[in-house]
Amino acid sequence: MPGYKIVLRILIVVIILGLLGFLIYFLAGGFNNRLSTYENYQNIKNSEENTVLEEHLTEGSNFVANVNTYQSSFSDWLSCYLSQELLIYEMGDNLYFVDADANRAEVDGALNSYREKISSTSQSIETFLDRQNYFTSSSSDEGTALTEAERTSLVLLAGTAFERLKEQVQAMYNLNNILFPFVVDNCLGGNVDASLKYGILYALLEQSNLLYNNLEENTQIDLMITENENAREVYINEKASDFISVATSGSSAANFVDAMINLSSETKSEFFASTDKSTYAERQSPAIQTNLENILTFLGWGGA
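Residues numbered from 1 in each chain as written. Predicted model: local features only at pLDDT ≥ 70, side-chain atom pairs only at ≥ 80, totals over all residues. Heavy atoms only, no water.

Brief notes about the overall build of the protein
No. 1: Per the secondary structure count, the protein includes 13 helices and zero strands.
No. 2: Put simply, the protein runs from its N terminus to its C terminus through helices and strands in the order α-α-α-α-α-α-α-α-α-α-α-α-α.
No. 3: When each of the 304 residues of the protein is scored for burial, the buried share is 44%.
No. 4: Pairs at least 24 apart in sequence give 74% of the contacts found in the protein among residues at least 6 apart.
No. 5: Only carbon and sulfur atoms are counted for the fraction: they give 52% of the accessible area of the protein, which is about 15500 Å². (Helix = DSSP H or I, 4+ residues; strand = E, 2+ residues; numbered from the N terminus. Buried < 20%, exposed > 50% of the residue type's maximum accessible area, 1.4 Å probe, protein only. Contact = heavy atoms within 4.5 Å. Areas by Shrake-Rupley, 256 points an atom, 1.4 Å probe, with all protein chains shown as cover.)

Next up, the structure:
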């Protein structure tokens, strides 16, 4: 009996120590540490600075239309920005499910750089809009008509906003090329080929990266912009219907998923990196060409 009491006392002590350890871990932020990257991402997403970008960096906004009168390439970079933004917020929500022991240092660093650019980009937008509103108001020195000096000022401010947008896209590019594989490896089992949702996002990542690199090199980008915007539109439409089109046998969505599964990583990499994807497909063997044509058709990039 005495031995039983000793064992019981030891067990109680172990339980108490375990509870104390649990409490210390909790108070020290053990659970918060697991979610720290996700919380950082959420803070960026919900920040006031990002709200400014979401309001004004959209196709057809007054800000974009006005800056375009001074910076003709602004919309080209905006196309890349919108795809990179979509990728961040579609992939970023998965950070909630990342285990505590995952190595997230690169992701955290890229997120912090992204946040810094959001701040400077939003400031440049607000400065341009503030000056434009003043220059076109009856309160300005020359009334609602722009003077040459005011126009020159807006040209300079538009140039600053354009430079901030390009820096923003660079930070987004860097973030997505760290975030995407990190989420795939830690949350999605390391492979997205069998998923319509993540298969489209993979294609959009590759296409927006291609567009970004060619914008940086100032090469011919009209087709790349079209393909980028078509892929983004396909994703938005498929998301609106919960990606159910893949369930229909023989549908373009099902054929797309099958193609992503059947093609080798090397072929997909070369295909998505091509600036002339139709010609690339035509040069492949019949079986590979068929799969590539199915991708082209589904994403609105041409094809059979």
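Let us keep going from here.
Quick look at the packing of helix α10 (residues 252–262) against helix α13 (residues 286–298)
To describe two helices that pack against each other, one gives the angle between their axes and the distance between the axes.
No. 1: Look at α10 against α13: their axes get within 8 Å of each other, and the N-to-C directions meet at 135°. When the interaxial angle is binned, α10 and α13 end up oblique. In the packing of α10 onto α13, the handedness of the crossing is left-handed. Along its contact with α10, which presents S252, A253, N255, F256, D258, A259, M260 and N262, the element α13 presents N291, N294, I295 and F298.
No. 2: Residue composition of the contact of α10 with α13, grouped by class: six nonpolar, five polar and one charged. (Axes fitted to C-alpha atoms, helices over the stretch in contact; angles between N-to-C directions. Parallel < 35°, antiparallel > 145°, perpendicular 65-115°, else oblique. Left-handed = near helix turned anticlockwise from the far one by under 90°. Nonpolar A, V, L, I, M, F, W, Y, C, P; charged D, E, K, R; others polar.)

With respect to the packing of aromatic side chains
No. 1: Per the counting criterion, the structure on display carries 18 aromatic pairs.
No. 2: Relative to F74, the ring of F63 lies with its centre 5.9 Å away and its plane at 80°, an arrangement referred to as edge-to-face. Residue F63 is found in helix α4 (residues 62–68), and its partner F74 is found in helix α5 (residues 74–92); the two are separated by 11 residues along the sequence. The exposure classification of F63 matches that of F74, with both residues buried.
No. 3: Judged by centre distance (5.5 Å) and plane angle (85°), the rings of Y202 and F272 are edge-to-face. In this pair, Y202 is assigned in helix α8 (residues 196–217) and F272 in helix α11 (residues 265–273), connecting sequence segments 70 residues apart.
No. 4: A network of ring pairs unites the aromatic residues F180, Y202, F271, F272, Y280 and W301 as a single cluster.
No. 5: One Lys or Arg, K166, reaches over the ring of F162 and ends 4.7 Å from the middle of that ring.
No. 6: Here the basic side chain of K277 rests over the ring of W301, its NZ or CZ set 5.1 Å away from the ring centre. (Phe/Tyr/Trp six-rings, centres within 6.5 Å; stacked < 30°, edge-to-face > 60°. Lys NZ or Arg CZ within 6 Å of the ring centre and 35° of its normal.)

That's the geometry; what it means functionally is another story.
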